Structures are given as structure tokens and as C-alpha cells.
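Letter by letter, the chains look like this.
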Amino acid sequence: MAVQLGRVRILKEGIHKLHQPQSSSSSKVGPVVYWMFRDQRLRDNWALIHAVDEAKRLDVPVAVAFNLFDGFLGAKARQLGFMLRGLKQLSHEIEHTLHIPFFLFQGEAIDTIPSFLKECEASLLVTDFSPLREVRDWKREISKRVSDSVSIHEVDTHNIVPMWVTSDKLEDFARTIRPKITNHFPDYFIDFPSLKPQTKKWVATNRSIDWDTLIEDVVRKGAEVPEIKWCEPGEIAALETLNGFVTAKLENYSADRNNPFKPKATSGLSPYLHFGQISAQRCALEARKLRKVYPQAVDKFLDELIVWKELADNYCYYEPHYDSFQGAWDWGRTTLIDHAFDKRQHIYTCEQLEKAQTADPLWNASQLEMVHYGKMHGYMRMYWAKKILEWTSSPQEAVEIAVYLNDKYHIDGRDPNGYAGIMWSICGVHDNGFQERPVYGKIRSMSYAGCARKFNVDGYIAYVKKIVRDTKKKGEILLNNQGKQAEIPTLQ
Ligand code: FAD
Ligand code: FO1
């Protein structure tokens, strides 16, 4: 089965045009390289499937290349360790089971990728898709730097319906994008073909990777935010997590997913989805099998996993200012500016917030859950961001601080879901206006009392206290910006 036509976008047409296989073409056709970026897996990956299909059609070998940036968007040990441990597994498995070589480069992709394509005389570069601006800039630059003969194909293997097929404009609400996605399910919400081992040999080059030294180095340099121990990286662990979720937790999803005191109802898949160690389409296929048994829970889960997640990609792709106040829409910007000078009950600095030094024990608990556990419960993320709006001097500063903290500590940070979630909470993006009140204006507000009516607030605070205690006991050291041991904040 070939990759669906709409899933592949041609970013650059090389002069070979890749119409003819090597034997019948007058000029030489070189290998296919898949620059793996956002979708770091060998299973259920349409970009890899496309690269393999094209290599077969052209009768050339195929390789996977990964570029490790020097500090990608401020990533620390927590995120880089998780990613590299997953890639270490992937590199071994892809070479042994599919006979596809894996190359790792370090530095700027705009240098390393064109230089590798030149060295191996590649004809086709396949990449996966991310709506983030840095990634798009790099791809534009790489398109300019590679030789005229090279074609570049981009494959959206993160979304079930490719972002560009769903919509060519910024969508206002989940309800506007939902039918645009579901109408395409017959073509795109389908099972994956399996890949066979490659027979066309890659010409040998010295490419052994000292993973352990690399990981040690990256973890040492990024020690300010240490790795997490509860979430095992890699595709196998991701599939086990999915299996555990669908067999034991999914049935409670619609009833309990918004209860941070019962975190057992949510999937815990976001770290794997963020690094592409699992395909959202695979998660959706497995959940859909249980639709007859738990219709409400499955529909709710699929709505979050598909509609809200794909809405976030739509927002980041079509809104250039997705991570700042400028990315607010007219009504949200106007109402927040109207209330910019309202008196705040508290104003905290970024440092006070980072150290969880507010007067609200519930907020402090959520901040510490993020700092120590690396993943805050989804419901608390909304409360957390809205309170930052309430307690900082401007909505501009609120978005800036929320993005900084979210990306620094969350294992799933630096994700379109994070930017859209922050903009939803603080600026009302994708939301409706509510009754006007101080500081928030017409933005939906949340309160401690509201949370206490919904769930066991004290239970949640006690649960986070235990996480902090356990972190201290295990001696996981948190370093400050100067690389010195930092004080671990405690809950009052
Ligand atoms: P589950 O409830 O099991 O959901 C399964 C998957 O569906 C998630 O992994 C995610 O891919 C998707 N999903 C669920 N809720 C949302 C949502 N509201 N928007 C978009 N997709 C969703 N998500 C991140 O992946 N990275 C972030 O940095 C991030 N930051 C957020 C910040 C704020 C202020 C808010 C309000 C939300 C943020 N989210 C973020 C979205 C959501 O909270 C997380 O995806 C979810 O809590 C992850 O846990 P889970 O995988 O167990 O979720
Ligand atoms: N992708 C890469 O290709 N190279 C990296 O060095 C890299 C680091 C990285 C660090 C943290 C993080 O959250 C993601 C990281 N990614 C990296 C993955 C990828 O770039 C992102 O998931 C997408 O850009 C999100 O759309």
C-alpha cells in the first residue's frame, strides 16, 4: 500500500524529477535520505514508509539521518535524555530489523543535512512535518542549499489527517475544524502497511555512534532540569503504555480525566507523542477498537487526541505568533488590554513562580508537579496558566512566563499542544468569551473554590508533596542556572 497522495508535499522538485528508476534514467539517481525530526519511530511512520517506497521505485538504498541541535529551544537533560535514549533503541532496531542505516549529526541541520546529501549523492530528501517556525525556516534554508538535482518531500506523519488537507486557514474553534478532520477519516484514518527489510545496501561509511558518552554529556550539560525516572523512553515502552491505557484506564477516561487526584484515567502518552515515539494514528486505531464497549470514553479520548491535537498544529502553522501575546485574537487582545491596569491581588516575579512561592498551595503543587515529576495533570495546566495571568503585571508577561516554564520543565514541552494550551488559557484562543471580570476581562477564569468543588484538592496537594519527597530521597539533584545545586522548593 502506497502512502496516501495528500500526505506528501513536494517542497522542492529536483531536476531528476524522480520519474524514472535508475536503470531507465539517463542520469544517475542517488539514494533516498529520511531526515527524521519530529516522528522518531520506525513503526507506523508514513515518512519512513514513503522514503522506503521511493527507494524501492528508484532502485536505490535508503538511510535515516537525525540532527542533534546544540540546545534545541533550550532543551535540558530531561527532554534530551528521553529523546536520545529513544533514538539509541531506534538506531539499533532499524539497522537490525529493517537493514536501514541510521546517521546522527550534531550541529546545525542547515549545514549537516545538505552536506550529508552531497556526500552520499542523494536524489531525494524526505522529512516529517512540524508547524514550528524554526523547523520551517530550516527546511526553507536547506531547500536553498542542496543541489538542483535533489527533490525534497515533506510527509505529515504526526496528524491523522495531514494538516494541509484538513484546512488552508486558521481555524477558530474545535467545532469548526472537527468536521474538516472527520470528513477525511475514510481516506486517512486507516491501518499502516508493514515494512520489509531493505535489500539494497548502503555504501559503507564510518558511522558508529557512542550513544552512552553522548547521553552522559548531554545529561551533564542540561542537569539544571534532571531526567525523570517514571517514564521509560522508546517505542516499546510507548506501545506498552498505550496497551496499559486501553486495557485498564480508557474506560474511565470520560468520567475521570479532569480529576488530578485520580491521574490514572489519562493515557500518559504525551511524552511519546511529543517525541514521535508513538503514532497518534496507532493510539487512535487501538482506542477505536473499543468504541462499542466504551463509546463515551473512546469518543472523548479520540476528540482530545485527534481534534484538539490537530487544532494545535493548525494554530501554530497559520498563526506566526503562536507563543506570544501577539498570537491572541482580536476579542482576546482587546479585553485583556482593557483590563491590563486592573489591580491584581498578588503580583509575583518569574522567579517566585518558578520556585512555587505563591500564596496558593494548589497552584504551588501544580508547579512542583511539573518541576519534579515533569508532567502536570492536564486539568491543572489550565488553572496553572490562568493564575499566571492573574498574578503578573501584563498578559504579555503572563504568556512569556508560561511558555518559559512549560518548555523548561515539561517532558512534553516545546509542542504545538503547549503553545495552543497556553494561548487558550491566557488569551482565549479557540474559546468563547465569558462574563467580564477583573484582570481576565472576558477570558474564562478558574478559581481555587471551583477546583475544590470538582476534586479533592488536599488529596492532590498531598500527592505532589509525596513526589517532592521521593525526588529528594532518590537524590535527583536540581541545579540552578549557574550549575550549582539548587534548593528544592517545598510545599507549605
Ligand atoms: P490524555 O488526556 O491521555 O490525552 C491524550 C493525548 O491527546 C495527549 O497526549 C495529547 O496529545 C492530546 N491532548 C489531550 N488534551 C489536549 C489538549 N487540551 N490540547 C491538545 N491536545 C491534547 N500538551 C503537550 O503535549 N505538551 C505541552 O507542553 C502541553 N502544555 C499545555 C499547557 C497548558 C496551559 C494547557 C492548558 C494544556 C497543555 N497541553 C500540553 C495539553 C494537555 O494538557 C496535555 O496534552 C495532556 O495533559 C497530556 O497528558 P496525557 O497524554 O496523559 O493526556
Ligand atoms: N528534534 C531534532 O530533530 N533534533 C533535536 O536536537 C531535537 C531536540 C529536541 C529537544 C526537546 C524537544 O522537546 C524536542 C526536540 N526535538 C528535536 C524534536 C522536535 O523538534 C520537536 O518535537 C518538534 O519540533 C515539535 O514540533
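Bear in mind the structure is a predicted one, so any value in this text is a computation, not a measurement.

**A closer look at the domain arrangement of the protein**
So, step 1. By the assigned domains, the protein splits into domain 1 (1–199 + 212–318) and domain 2 (325–473).
So, step 2. Each partner contributes residues to the interface: domain 1 has 38 residues there, and domain 2 has 35 residues.
So, step 3. Here domain 1 and domain 2 share an interface that buries about 3100 Å² over both sides, 63% of which is from carbon and sulfur atoms.
So, step 4. Counting across the domain 1 and domain 2 interface gives one salt bridge.
So, step 5. Notably, a salt bridge pairs E224 with K408, separated by 2.6 Å at the nearest N-O pair.
So, step 6. At the junction of domain 1 and domain 2, the tally comes to 14 residue pairs in polar contact (both at pLDDT 80 or more).

**Some words on helix α18 (residues 395–409)**
So, step 1. End to end, α18 covers 21 Å across 15 residues, agreeing with the expected 21 Å (1.5 Å per residue, within 8%).
So, step 2. In terms of burial, α18 is a largely internal element, eleven of the 15 residues being buried.
So, step 3. Restricting attention to buried positions, one finds in α18 the residues P395, A398, V399, I401, A402, V403, L405, N406, D407, K408 and Y409.
So, step 4. Against α2 (77–97), α14 (330–338), α15 (350–354), α16 (361–373), α17 (378–390) and α19 (416–427) lie the buried residues of α18.

**What about the sheet that holds strand β3 (residues 62–68)?**
So, step 1. One open sheet holds the six strands; their spatial order is β1-β6-β5-β2-β3-β4, and the pairing between them is mixed. Two strands in the sheet have a free side with no partner beyond their single neighbour: β1 (8–12) and β4 (102–106). The sheet shows a mean angle of 25 degrees between the axes of neighbouring strands, direction not considered.
So, step 2. Of the strand pairs in this sheet, strand β2 (residues 32–36) and β3 are connected by five bridges, and their pairing is parallel. For W35, the partnering residue across the bridge sits in β3 and is A65.
So, step 3. Lying over the sheet, α2 contacts β2, β3 and β4, oriented at roughly 165 degrees with respect to β3.
So, step 4. Against the sheet, helix α8 (residues 211–221) makes contact with β3 and β4, and its axis sits at roughly 35 degrees relative to β4, the strand it touches most.

**Quick word on the site of ligand 1**
So, step 1. As a structural note, the neighbourhood of ligand 1 is formed by 26 residues, with Y253, S267, G268, N406 and D412 the closest of them.
So, step 2. Between N417 and ligand 1, the recorded distance is 3.3 Å, taken from a side-chain N or O atom to an oxygen atom.
So, step 3. Only α11 (270–274), α13 (295–318), α17 and α19 provide two or more residues apiece to the shell around ligand 1.
So, step 4. Two domains each put at least three residues into the shell around ligand 1: domain 1 (1–199 + 212–318) and domain 2 (325–473).

**Observations concerning α14**
So, step 1. Within the span of α14, buried status applies to G332, T335 and L336. Looking straight down α14, one finds that the buried residues subtend no more than 100 degrees of arc, so they occupy a single side. Exposed positions of α14 whose direction lies more than 90 degrees from the buried face are D330 and D338.
So, step 2. Against the buried residues of α14 lie α17, α18 and α19.

**Some remarks on the packing of aromatic side chains**
So, step 1. This model, assessed by the stated rule, comprises 31 aromatic pairs.
So, step 2. Aromatic side chains F455 and Y460 sit 6.4 Å apart centroid to centroid with 90 degrees between the ring planes, which places their arrangement in the edge-to-face category.
So, step 3. The buried category is assigned to Y460, whose relative accessible area is 0%.
So, step 4. Among the aromatic side chains, those forming a connected cluster through ring pairs are W35, F37, F69, F72 and W138.
So, step 5. Note that R136 overlies the ring of Y317, its terminal NZ or CZ placed 3.8 Å from the centroid.
So, step 6. For K386, the ring lying beneath its charged end belongs to W424, and the centroid distance is 5.0 Å.

**Structural notes on the pattern of salt bridges**
Pairs may arise between side chains of opposite charge once their charged atoms sit close together.
So, step 1. This structure, assessed with the given rule, holds 38 salt bridges.
So, step 2. Ionic pairing is found between K76 and E224, a salt bridge with its closest N-O pair at 3.8 Å. Note that K76 is positioned in the loop between β3 and α2 and E224 in the loop between α8 and α9 (235–249), a separation of 148 residues in sequence.
So, step 3. The class for E224 is buried, based on a relative accessible area of 14%.
So, step 4. In the salt-bridge network here, residues are joined through shared partners; they are D44, D191, R282, E286 and K289.

**Details of the environment of E251**
So, step 1. For E251, the location among the structural elements is in the loop between α9 and α10 (253–256).
So, step 2. E251 sits in the partly exposed class, given a relative accessible area of 41%.
So, step 3. Along the backbone, E251 and A122 are 129 residues apart, and their C-alpha atoms lie at a distance of 48 Å.
So, step 4. Among residues more than four places away in sequence, those in contact with E251 are Y294 and A297.

**Examining unusual backbone geometry**
So, step 1. One non-glycine residue, L73, adopts positive backbone phi at about 45 degrees.
So, step 2. Inspection of the secondary structure puts L73 in the loop between β3 and α2.
So, step 3. Of note, the phi angle at A356 is positive, near 60 degrees, even though the residue is not glycine.
So, step 4. Summarising the element assignment, A356 is placed in the loop between α15 and α16.
So, step 5. Judged by relative accessible area, which is 6%, A356 ranks as buried.

**As for the nonpolar core**
So, step 1. One finds V33, W35, I142, W384, I426 and C427 to be the most contacted residues of the largest nonpolar core, which totals 76 residues.
So, step 2. Both domains that meet at this core, namely domain 1 (1–199 + 212–318) and domain 2 (325–473), each give it at least three residues.
So, step 3. Those residues in contact with W384 that lie beyond four places of it in its chain are W363, S366, Q367, M370, M376, A402, L405 and N406.
So, step 4. In this structure, A47, L48, V155 and V307 belong to the second largest nonpolar core, which totals 75 residues.

Definitions and cut-offs
- Residues numbered from 1 in each chain as written.
- Chains lettered and ligands numbered in written order.
- Predicted model: local features only at pLDDT ≥ 70, side-chain atom pairs only at ≥ 80, totals over all residues.
- Heavy atoms only, no water.
- Domains from an automatic or database assignment.
- Contact = heavy atoms within 4.5 Å.
- Buried area = accessible area lost by both parts, 1.4 Å probe.
- Salt bridge = Lys/Arg side-chain N within 4 Å of Asp/Glu carboxyl O.
- Polar contact = N/O pair within 3.5 Å; in protein donor to acceptor, adjacent residues only side chain to side chain.
- Helix = DSSP H or I, 4+ residues; strand = E, 2+ residues; numbered from the N terminus.
- Expected span 1.5 Å × (residues − 1).
- Buried < 20%, exposed > 50% of the residue type's maximum accessible area, 1.4 Å probe, protein only.
- Pairing = 2+ DSSP bridges.
- Axes fitted to C-alpha atoms, helices over the stretch in contact; angles between N-to-C directions.
- Near = heavy atom within 4 Å.
- Arc of directions from axis to C-beta.
- Phe/Tyr/Trp six-rings, centres within 6.5 Å; stacked < 30°, edge-to-face > 60°.
- Lys NZ or Arg CZ within 6 Å of the ring centre and 35° of its normal.
- Core = buried A, V, L, I, M, F, W, Y, C linked by side-chain atoms within 4.5 Å.

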